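# Structural overview for review
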Amino acid sequence: MSSTPAAEVARYTLPAQLLHWLIALLIFGLFPLGLYMHGLPLSVRKIELYSWHKWFGITVLLLVVLRIGWRLTHRPPPLPGDIPPWQQATATLMHELLYLLMLCIPLSGWALSSAAGVPVVWWGVWKLPNLLPANPAMAHLLELVHATLNYTLAALVAVHMAAALKHQFIDHDGVLLRMLPRLLPRSLPRPRH
């Protein structure tokens, strides 16, 4: 177990933390919205919800690009030294898969809209270029791809959250604290000395 006091835990930068939690909040809203709207009968309400889903999806895409850019120029804080190498390698792989999915999901949704012949007009103002020509067969395939990627992301996010909670409440090594602002850790158990 780590002997690093909570006050000494190396943390992600504030911009990295803000991007992480904003992206997480948007994804936690987009996933149930996608499930809900998909089953609705065609209506003005369904079209509105699809528009909101696309707008927030493209917003996630842009935020993820910013997050990746930030991460490439700002090293993440090191993991505690007593975490086994296989867990460190797994954490790296998990982060890479999460980033890949957070890029591919909105791109697949954008491509799906393009193939369905429905333009994406971000926030109702900026018409984005079509990624593909209209093609109903391709739209059907991309709908399956988009759904599969989303379910995969949901599973990986669940594992990511479980690992963070395990590190905080079982291992007491401060890993979760790395992504929390300095104001919050007082309410969480501190790593054991």
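First, a word on scope: everything that follows refers to the structure included in this document. Remember, predicted model here, so these are calculated numbers, not experimental data. (Residues numbered from 1 in each chain as written. Predicted model: local features only at pLDDT ≥ 70, side-chain atom pairs only at ≥ 80, totals over all residues. Heavy atoms only, no water.)

Right, let's talk about the overall build of the protein for a bit. From N to C terminus, the protein includes 4 helices and 2 strands. From first element to last, N terminus to C terminus, the protein shows the α and β order α-α-α-β-β-α. The buried share of the protein, taken over its 193 residues, is 39%. Counting contacts in the protein only where the partners sit at least 6 residues apart, residues at least 24 apart contribute 69% of the total. Surface accessibility of the protein: about 11500 Å² in total, with carbon and sulfur atoms responsible for 73%. If the 14 positive side-chain charges of the protein are averaged to one point and the 7 negative ones to another, these points end up 6 Å apart. (Helix = DSSP H or I, 4+ residues; strand = E, 2+ residues; numbered from the N terminus. Buried < 20%, exposed > 50% of the residue type's maximum accessible area, 1.4 Å probe, protein only. Contact = heavy atoms within 4.5 Å. Areas by Shrake-Rupley, 256 points an atom, 1.4 Å probe, with all protein chains shown as cover. Lys, Arg positive; Asp, Glu negative; His and termini not counted. Charge placed at Lys NZ, Arg CZ, Asp CG, Glu CD.)

A word on helix 1 (residues 14-38). With 25 residues, helix 1 should reach 36 Å at 1.5 Å per residue; the first-to-last C-alpha distance of 36 Å fits that figure. Among the residues of helix 1, those classed as buried are Ala16, Gln17, Leu19, Ile23, Ala24, Leu26, Ile27, Leu30, Leu33, Gly34 and Met37. The inward-facing, buried residues of helix 1 abut helix 2 (44-73), helix 3 (85-115) and helix 4 (136-171). (Expected span 1.5 Å × (residues − 1).)

With that settled, consider the environment of glutamine 168. Residue placement: glutamine 168 occurs in helix 4. Classification of glutamine 168 by relative accessible area gives buried; the value is 1%. Residues glutamine 168 and leucine 62, 106 residues apart in the sequence, show an inter-C-alpha distance of 30 Å.

This next bit is on the layout of surface pockets. Size it by volume and the largest pocket reaches roughly 1200 Å³. For the lining of the largest pocket, the secondary-structure elements that each account for two or more residues are helix 1, helix 2, helix 3 and helix 4. Of all the elements, helix 3 adds the most residues to the lining of the largest pocket, at 12 residues. Of the residues contributing to the lining of the largest pocket, the split by class is 27 nonpolar, 8 polar and 5 charged. Of the volumes computed, that of the second largest pocket is approximately 1000 Å³. Sort the elements by how many residues they give to the lining of the second largest pocket and helix 2 lands first, with 10 residues. By residue class, the composition of the lining of the second largest pocket is 24 nonpolar, 9 polar and 3 charged. (1 Å grid on protein atoms, 1.4 Å probe; cavity = no way out; pocket = protein on both sides within 12 Å on 5 of 7 lines; lining within 4 Å. Points joined across faces, edges and corners; volume = space filled by probe spheres on them. Nonpolar A, V, L, I, M, F, W, Y, C, P; charged D, E, K, R; others polar.)

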